[in-house]
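The primary structure of each chain is shown beneath.
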Amino acid sequence: MKFFLWLPVLAVCFCSASAKVGNDPLCGTKGPPTNPDGRIVGGEVAEPHEYPWMASFQAYKPSEGRLTHNCGASILNDRWIITAAHCGVIMGGIRPTIVVGSYNLTSTGPLESARQSLSIEKFITHPNFSSSHDYLANDIALIRLATPIANLSTAPQLGSICVPEKAKNAGNEFVDSIATASGWGVTFSGSATPHDVLMKVFLPMVAVKECAEVFQTSEEDTKTMLCAFAKGKDTCQGDSGGPIALKIDQKWTVIGLTSFGRGCGGSTPGVYSRVALFSDWIWETIGQYENGNEENGNQSS
Ligand SMILES: *[C@@H]1O[C@H](CO)[C@@H](O)[C@H](O)[C@H]1NC(C)=O
Ligand SMILES: *[C@@H]1O[C@H](CO)[C@@H](O)[C@H](O)[C@H]1NC(C)=O
Ligand SMILES: *[C@@H]1O[C@H](CO)[C@@H](O)[C@H](O)[C@H]1NC(C)=O
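Presented here is a report on the structure given in the accompanying data block. (Residues numbered from 1 in each chain as written. Chains lettered and ligands numbered in written order. Predicted model: local features only at pLDDT ≥ 70, side-chain atom pairs only at ≥ 80, totals over all residues.)

### Focus: the environment of E210
Residue placement: E210 occurs in helix α2 (residues 208-215). The exposure class assigned to E210 is partly exposed, which follows from the 15 C-beta atoms found within 10 Å. When the C-alpha positions of E210 and V271 are compared, they lie 9.9 Å apart, and in sequence the two are 61 residues distant. Those residues in contact with E210 that sit more than four places away from it in its chain are C227, F229 and P269. (Helix = DSSP H or I, 4+ residues; strand = E, 2+ residues; numbered from the N terminus. Buried ≥ 20, exposed ≤ 12 C-beta atoms within 10 Å, placed from the backbone. Contact = placed C-beta atoms within 7 Å.)

So this is what it looks like as structure tokens:
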């Protein structure tokens with residue numbers, strides 16, 4: 001009798017720890033102790049490193065011979081950054097870089113001691129991002145850094161922000177909350193230079209239909225948005241991609257990404273990409289990438 005000898009084929013796995021596919025354990029634990037209260041006191045300079053998850057998405061500008069700020073972004077963990085999809089279009093691919101740990105982008109002083117400038121390995125645009133109307137939809141993207149952020153958990157100037165749980169209702173989950181938007185964007189409509197130090201503005205979240213009416217968004221696309229408004233307070237050019245955040249269950253959470261509006265600080269509300277609608281996409285995309293399935297997703301760099 002013959003036996004077939006079964007040579008056990010050992011599936012050798014070089015995969016060390018499986019990819020992080022959820023919020024950073026320490027996300028949202030740094031930052032201000034509470035949400036702003038009911039008084040709107042927006043449009044002011046932030047405290048140094050008050051929002052340690054803030055990142056600046058920069059590109060090399062030949063005319064200035066240096067990297068310049070183009071968009072805001074937020075740190076999810078030491079390798080991943082979240083921003084708006086339209087920021088990838090703005091960047092045009094000229095050596096884009098992520099700057100973290102900064103307060104005054106033009107300074108090299110002591111407050112900038114934790115600043116790091118990191119190369120982008122991959123810019124992953126949401127597959128349904130659309131700019132084909134007079135508005136943007138699914139305006140969300142993930143960035144994988146070529147090298148990890150150093151000292152993310154230990155440096156007080158650096159921290160990660162949490163992604164909210166998957167959305168359950170129609171874009172109105174945060175209505176009446178006062179959220180905090182932050183950015184280095186211009187401080188008035190039409191200005192060309194970003195602000196050197198980080199600014200903050202406190203904005204009430206309003207029903208998404210208020211934005212849907214103004215911008216004539218389709219029902220399907222409206223689901224991808226949040227709406228915020230306070231007269232004379234707003235995010236502006238250069239703030240795009242940056243967070244609008246709320247402290248939820250003791251953790252700072254990125255509920256929206258600055259997406260679009262009409263002018264800045266006028267009488268129309270601003271639109272923010274609704275991160276809670278994309279939480280599954282965020283963790284699936286990160287998980288797939290970290291596990292080597294790089295062909296998945298609509299990727300560009
Ligand atoms: C930011 O840094 C630059 C260069 O050091 C300095 O000129 C500017 O005043 C700083 N901005 C603020 C608001 O402190
Ligand atoms: C990380 O922190 C250590 C200890 O404070 C410091 O020596 C090192 O320069 C920091 N790394 C970066 C990239 O800032
Ligand atoms: C993109 O839109 C299509 C059609 O609505 C949908 O089936 C698909 O799930 C969307 N993709 C993602 C990643 O959400």
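That was the structure; now back to the text.
### Observations concerning the site of ligand 2
Every residue close to ligand 2 is listed here: A114, Q116, A150 and N151. Broken down by class, the residue content of the shell around ligand 2 amounts to two nonpolar, two polar and no charged. (Near = placed C-beta within 6 Å. Nonpolar A, V, L, I, M, F, W, Y, C, P; charged D, E, K, R; others polar.)

### Quick word on the environment of P96
Summarising the element assignment, P96 is placed in the loop between α1 (86-91) and β5 (97-100). Taking the number of C-beta atoms within 10 Å as the measure of exposure, P96 has 22 and is therefore buried. Separated by 24 residues in sequence, P96 and I120 place their C-alpha atoms 6.6 Å apart.

### Re the site of ligand 1
In the vicinity of ligand 1, the contacting residues are N104, T106, S107, G109, D196 and V197. Of the residues that constitute the shell around ligand 1, the class distribution is one nonpolar, four polar and one charged.

### Points about α2
For α2, the complete set of buried residues consists of V208, C211, A212 and F215. Down the axis of α2, the buried set is contained in an arc of 105°. They therefore lie on one face. Where α2 is buried, its residues touch α3 (219-222), β10 (225-228) and β13 (270-274). Positive phi appears at Q216, one or two residues downstream of α2, with a value of about 55°. (Arc of directions from axis to C-beta.)

### Examining the pairing of β13
Among the five residues that make up β13, five are buried, leaving the element largely enclosed by the rest of the structure. Inspection of the sheet shows β10 paired to β13 by four bridges, in the antiparallel sense. Counted as the bridge partner of C227 is V271 from β13. One ladder, built from four bridges, connects strand β12 (residues 251-260) with β13; its direction is antiparallel. Bridge assignment links G256 to a residue of β13, and that residue is R274. (Pairing = 2+ DSSP bridges.)

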